[in-house]
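# Understanding the architecture of this molecule
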Amino acid sequence: MTRSDGYLLDNRQPEAGERFDAFAALFDPTTFRHLDGLGIGPGWRCWEAGAGGASVVSWLAKKVGPTGKVLATDIDTSRLRSVGRPPVEVRVHDLGLDEPPMEGLDLVHARLVLVHVPDRERALRSMVSALRPGGRLLIEDADPALQPLLCPDEHGPEQQLANRLRHGFRQLLAGRGADLSYGRKLPRLLREAGLVRVEADASFPLTSPACTALESATVRQIRDELVKAGLATDEEIDQHLTNVASGSMDLATAPMISAWGRKE
């Protein structure tokens, strides 16, 4: 995230840890599969940009071993303290404003970050410039506009309320500068940035305990913003949280697009 973006989902809020745990459950298998496919191994020098939580950083550290390096950056590194030991270095860094913190890297990865960064173009250039020739870039970001519903199977009033609140959430994100159709652009943007062998795929969890946990934490985190903007009442939010806790609804996430390529 950046200092100037008025980020809606502040990492310092108490629900942030629940969100990071849910993202890890939902998306770590996809992320690790792609990173393995890029050939990561002992001795690699990696940058985890906008790290937020520690799950990917810890996995990278095991892969690169004592001869490698993992630089984990974010504007708020409070949730990275537990992994701040060799081969991991934790550093405060604003992806949208600061210069690349390191050069000659084998791998740069960012997940669910750029969609929220106002100057996404600069951030992407920064990550590409940090790579050595032959280095790999993996960007994974959401595309809420591609699938805007929390409940794709909208068959009753509970699902209708859920989708209305999800629409309100998307309005808040867009008002803070998020690009809700960013994910689908990634393959083109990586090619335009000069990368070769660009590929992409999508992950779309439709229902799971992690989807439920993510929705509960997200709504609790943004409830004041929803009410203040007139997008929902406290009573509607309480009812939705009760519906979510019942476990009777199929809750989906926005598709996460993973795109990767190599620097010539």
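First, a word on what this report is: a plain description of the structure on this page. (Residues numbered from 1 in each chain as written. Predicted model: local features only at pLDDT ≥ 70, side-chain atom pairs only at ≥ 80, totals over all residues. Heavy atoms only, no water.)

### A look at the nonpolar core
Nonpolar side chains in soluble globular proteins tend to end up buried together. Within the largest apolar cluster, 28 residues are counted, with the highest numbers of intra-cluster contacts made by W47, L114, M127, L137 and I139. Sorting the residues of this core by element identifies β1 (45-49), β4 (105-111), α3 (120-129), β5 (131-142), α5 (186-192), β6 (195-203) and β7 (256-263) as the ones contributing at least two each. When residues of this core are assigned to their parent elements, the largest contribution, four residues, is made by α3. Ranked by size, the runner-up nonpolar core spans 22 residues in total, among them L38, C46, L60 and L138. (Core = buried A, V, L, I, M, F, W, Y, C linked by side-chain atoms within 4.5 Å. Buried < 20%, exposed > 50% of the residue type's maximum accessible area, 1.4 Å probe, protein only. Helix = DSSP H or I, 4+ residues; strand = E, 2+ residues; numbered from the N terminus.)

### Examining the layout of surface pockets
By volume, the largest pocket amounts to about 790 Å³. Of all the elements in the fold, those that place two or more residues in the lining of the largest pocket are α1 (16-37), α2 (55-64), β5, α4 (157-175) and α6 (209-228). If one sorts the elements of the lining of the largest pocket by residue count, α1 sits on top with eight residues. For the lining of the largest pocket, the per-class residue count stands at 28 nonpolar, ten polar and ten charged. (1 Å grid on protein atoms, 1.4 Å probe; cavity = no way out; pocket = protein on both sides within 12 Å on 5 of 7 lines; lining within 4 Å. Points joined across faces, edges and corners; volume = space filled by probe spheres on them. Nonpolar A, V, L, I, M, F, W, Y, C, P; charged D, E, K, R; others polar.)

### Some details on the packing of aromatic side chains
All told, the structure shown has two aromatic pairs when counted by the stated rule. With 6.3 Å between their ring centres and 25° between their planes, F23 and F27 make a pair best called stacked. Residue F23 and its partner F27 are located together in helix α1, separated by four residues, close to a single helical turn. By relative accessible area, which is 2% here, F27 ends up buried. Ring centres of F32 and W59 lie 4.5 Å apart, and the angle between their planes is 5°; this geometry places the pair in the stacked category. (Phe/Tyr/Trp six-rings, centres within 6.5 Å; stacked < 30°, edge-to-face > 60°.)

### Description of the sheet that holds strand β3 (residues 88-92)
Within the open sheet, the seven strands sit side by side as β3-β2-β1-β4-β5-β7-β6. Their pairing is mixed. Only two strands of the sheet have a single neighbouring strand rather than two, namely β3 and β6. Averaged over all neighbouring strand pairs, the angle between strand axes comes to 15°, with direction disregarded. As defined by bridge partners, β1 adjoins strand β2 (residues 69-74) across five bridges and the pair is classed as parallel. Bridging from a neighbouring strand, C46 pairs with V70 of β2. Against the sheet, α1 touches β4, β5, β6 and β7, its axis set at about 155° to β4. (Pairing = 2+ DSSP bridges. Axes fitted to C-alpha atoms, helices over the stretch in contact; angles between N-to-C directions. Contact = heavy atoms within 4.5 Å.)

### Here's the deal with unusual backbone geometry
Residue P87 follows P86 across a cis peptide bond; omega there is 10°. Along the chain, P87 falls in the loop between β2 and β3. Positive phi values are uncommon outside glycine, yet R197 reaches one of about 55°. Within the fold, R197 resides in strand β6. Overall, the relative accessible area of 61% leaves R197 in the exposed class.

### Digging into the packing of α1 against α6
Across the interface, α1 lies against α6 with an axial gap of 9 Å and an inter-helix angle of 155°. Accordingly, the angle class assigned to the pair α1 and α6 is roughly antiparallel. Seen from above, α1 lies across α6 with left-handed handedness. For the pair formed by α1 and α6, the contact residues are A16, E18, R19, A22, F23, A25 and L26 on the first element and A210, C211, L214, A217, T218, R220 and Q221 on the second. Split by residue class, the contact of α1 with α6 holds nine nonpolar, two polar and three charged. (Parallel < 35°, antiparallel > 145°, perpendicular 65-115°, else oblique. Left-handed = near helix turned anticlockwise from the far one by under 90°.)

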